[in-house]
Amino acid sequence: METKEGNGGFEEYFDWRGQKADPKKHGGMKAASLACVVEVLENMVFLSNATNFVAYFTETMHYTISEAANMVTNFIGTSFLLTIFGGYIGDSFFTRFRTFVVFCVIELLGIILLTVQAHDTRLQPALQEKPSSSQAAVLFSGLYAIAIGVGGIKATLPAHGADQSDHSKQRSISSFFNWFFFSLCIGGLLSSTIMIWIEENRGWNWSFKISVAVLGVALCIFIAGFPIYRFKRPGGSPITRIFKVFASASRNRKVSSGLALINDEVEERSHKKFRFLDKALFDDTISGVQVKETRTFLGLLPIFASTIMMNCCLAQLQTFSVEQGSIMNRKLNNFQIPTQSLTVFPLMVMLASIPIFEHVARSFKNKNHSIFDPLKRIGLGLALASASMAVAATVEFKRREAAENGNTLSVFWLGWQYLLLGVSDMLTLEGMLEFFYSESPDSMKSICTALSWCSTSMGYFLSSLLVSIINSITGRLGHEWLGGHNLNHNRLDLFYTMLCILNFLNMLNYIYWARKY
């Protein structure tokens, strides 16, 4: 069993009867693999809907391109931001198993609501009209019920799966996260092929109905593992302890002392940072371990903040890149390629690379190879994000130029930005998950790992903010870069160029903090 700092000893697992878990009967590879299977199905549902929401909002609900793009980025951003809330519930009140079930049901209800709206024309706006207040209320109720559900699922499913792994072997935990990411990619591949084809050829009614069925199956599979799972009792949220440390340090800020935080058991790399937190130790209810974990958490934040801009670039694949592809030549012989299916190529690369990485990691498990350093993988991912935006700007310039001459560029030109951003996402997200999990205190593994999802959330919100700011500024100058329904009249190429420059500056900022860490 693993120890948990701040909770006074060993934190035991228990079985479904509430008794101490038997390692021979509960947990293990079989139980952990169920989490991976569920992730395939859940991520397929989430990504297939999120990817095509722009088209649904513009074609069926009659929002403008920029409005639809912001709605999608806000939806995805909210979904990942709510992982903090889901993690808080799972750590403080419910087991992770129960939290997953509750939030999965909420997501299921949201999809059912959108299914009803897609089927009933009375809940849709008339041709060339915006949605009424009641129609918009149905849309946003379903949309954000899904977001709440996704937030809880993303927070609890990987942690629940890791709980089933052998915690006496770090390699077992690392291997689980690698295969969990592999399952995430499988779900993405299914959403980019089967689900996208259904949406393009059979309509939204079928897509939403299949989503309801698939998520229902995922919930049943997860619940079926109940007898073989092992569980952890809720032990209090690290967020609560962090706030207590800050409150105590604030109350005692005027107290002068030479008090130092001493802890011989845990080596502290950044013991000279955030010394003001030591003031909290004058409060008898605050322990040195709580101050130390707060200090460690603060030390991770610059790395977290430096990855947000990359996720802002990633947001473009779900928004403007989809709109680009919809007006490009998508024919391959007699087959019309859905734009969203361009993600298949980077997903195939990622799916092939994960087993290779696992094999190489096992081969060199007793050697120190810096190429596997998560900070270096994150840095490479940020560099690829800048390159992808440079490529995207060039392709969009060529596309507009061809459109002005009455020609249509092949949709395959978008493949390069999909490939570069896809590999960038793999390197950055995998690197973040490993880095935050490895560097965090034992009692803060869940909350620190959730920073990876929060970075994605902040990136999508930043994308929405930048679109609004750019439209506001350029509108005053005479022509909005991203306004209206026609991309041929917009300046998406200049927006991509700006993202390239901002991400390059952000990469330099990341290098500074990574080297300092």
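Residues numbered from 1 in each chain as written. Predicted model: local features only at pLDDT ≥ 70, side-chain atom pairs only at ≥ 80, totals over all residues. Heavy atoms only, no water.

A. Structural detail: the pattern of salt bridges. Evaluation of the coordinates by the stated rule reveals 11 salt bridges. With a shortest N-O distance of 2.9 Å, Asp 120 and Arg 122 are connected by a salt bridge. With relative accessibility at 18%, the residue Asp 120 sits in the buried group. Judged by relative accessible area, Arg 122 falls into the exposed class, the value being 68%. Among the ionic pairs, Arg 400 bridges to Glu 404, the shortest N-O distance being 3.8 Å. Here the residue Arg 400 and the residue Glu 404 both occupy positions in helix 13 (residues 374-404), the gap between them amounting to 4 residues, near one helical turn. Taking relative accessible area as the criterion, Arg 400 reaches 12% and is therefore assigned buried. The class of Glu 404 is exposed, set by a relative accessible area of 58%. Each of Glu 39, Glu 42 and Lys 154 takes part in a single network of salt bridges with overlapping partners. (Salt bridge = Lys/Arg side-chain N within 4 Å of Asp/Glu carboxyl O. Buried < 20%, exposed > 50% of the residue type's maximum accessible area, 1.4 Å probe, protein only. Helix = DSSP H or I, 4+ residues; strand = E, 2+ residues; numbered from the N terminus.)

B. Spotlight on unusual backbone geometry. Within the chain, His 62 stands out as a residue other than glycine whose phi angle is a positive 65°. Its location among the elements puts His 62 in the loop between helix 1 (29-59) and helix 2 (65-81). When its relative accessible area of 17% is taken as the criterion, His 62 is described as buried.

C. Representation of helix 5 (residues 133-163). Between the first and last C-alpha of helix 5 there are 45 Å, a value that for 31 residues agrees with the 45 Å anticipated at 1.5 Å per step. With 24 of its 31 residues buried, helix 5 lies for the most part within the structure. (Expected span 1.5 Å × (residues − 1).)

D. Representation of the packing of aromatic side chains within the structure. In total, this model carries 26 aromatic pairs according to the counting rule given. Summarising the aromatic geometry, the rings of Trp 179 and Phe 182 are spaced 5.2 Å apart at their centres and angled 75° between planes, so their arrangement reads as edge-to-face. Here Trp 179 pairs with Phe 182, and both are found in helix 6 (residues 170-201), just 3 residues apart, close to one helical turn. An aromatic cluster of at least three residues, connected via ring pairs, comprises Phe 46, Phe 53, Tyr 56, Phe 57, Phe 75, Phe 80, Phe 208 and Trp 453. In this structure, Lys 209 packs its charged tip against the face of Trp 206, placed 5.9 Å from the ring centre. (Phe/Tyr/Trp six-rings, centres within 6.5 Å; stacked < 30°, edge-to-face > 60°. Lys NZ or Arg CZ within 6 Å of the ring centre and 35° of its normal.)

E. Examining helix 8 (residues 238-251) more closely. Under the 1.5 Å per step criterion, the end-to-end length of helix 8 is 20 Å for 14 residues, consistent within 8% with the ideal 20 Å. When helix 8 is considered as a whole, its buried residues turn out to be Pro 238, Arg 241, Ile 242, Val 245, Ser 248 and Ala 249. End-on view of helix 8: buried residues confined to an arc of 130°, all on one side of the axis. Among the exposed residues of helix 8, those oriented more than 90 degrees off its buried face are Phe 243 and Arg 251. Looking at the buried side of helix 8, the elements it contacts are helix 3 (83-92), helix 9 (288-306) and helix 15 (445-476). (Arc of directions from axis to C-beta. Contact = heavy atoms within 4.5 Å.)

F. Just the side chain of Asp 15, in detail. With respect to the helices and strands, the residue Asp 15 is situated in the loop between strand 1 (13-14) and helix 1. In this structure Asp 15 touches Lys 20, Ala 21, His 26, Tyr 229 and Phe 231, once residues within four positions along its chain are discounted.

G. Region of interest: the nonpolar core. Of all hydrophobic cores here, the largest spans 127 residues; its most connected members are Phe 57, Phe 495 and Leu 499. If one sorts the elements of this core by residue count, helix 1 sits on top with 16 residues. Shared between two domains, this core takes at least three residues from each, and those domains are domain 1 (12-228) and domain 2 (287-516). Once you skip the residues sitting within four places of it in the chain, Leu 499 turns out to touch Met 309, Cys 312, Cys 313, Gln 316, Met 389 and Leu 466. Within the second largest apolar cluster, 7 residues are counted, among which are Val 245, Ala 249, Leu 277 and Ala 280. (Core = buried A, V, L, I, M, F, W, Y, C linked by side-chain atoms within 4.5 Å. Domains from an automatic or database assignment.)

H. Region of interest: the domain arrangement of the protein chain. Under the domain assignment used here, the protein chain contains domain 1 (12-228) and domain 2 (287-516). Facing the 44 residues of domain 1 at the interface are 46 residues of domain 2. Contact between domain 1 and domain 2 buries roughly 4100 Å² in total, counting both sides, with carbon and sulfur atoms accounting for 70%. The largest share of the area that domain 1 buries against domain 2 comes from Ile 65, Arg 171 and Phe 181, three residues that together contribute 17% of it. Considered class by class, the residues forming the side of domain 1 that touches domain 2 number 22 nonpolar, 17 polar and 5 charged. (Buried area = accessible area lost by both parts, 1.4 Å probe. Nonpolar A, V, L, I, M, F, W, Y, C, P; charged D, E, K, R; others polar.)

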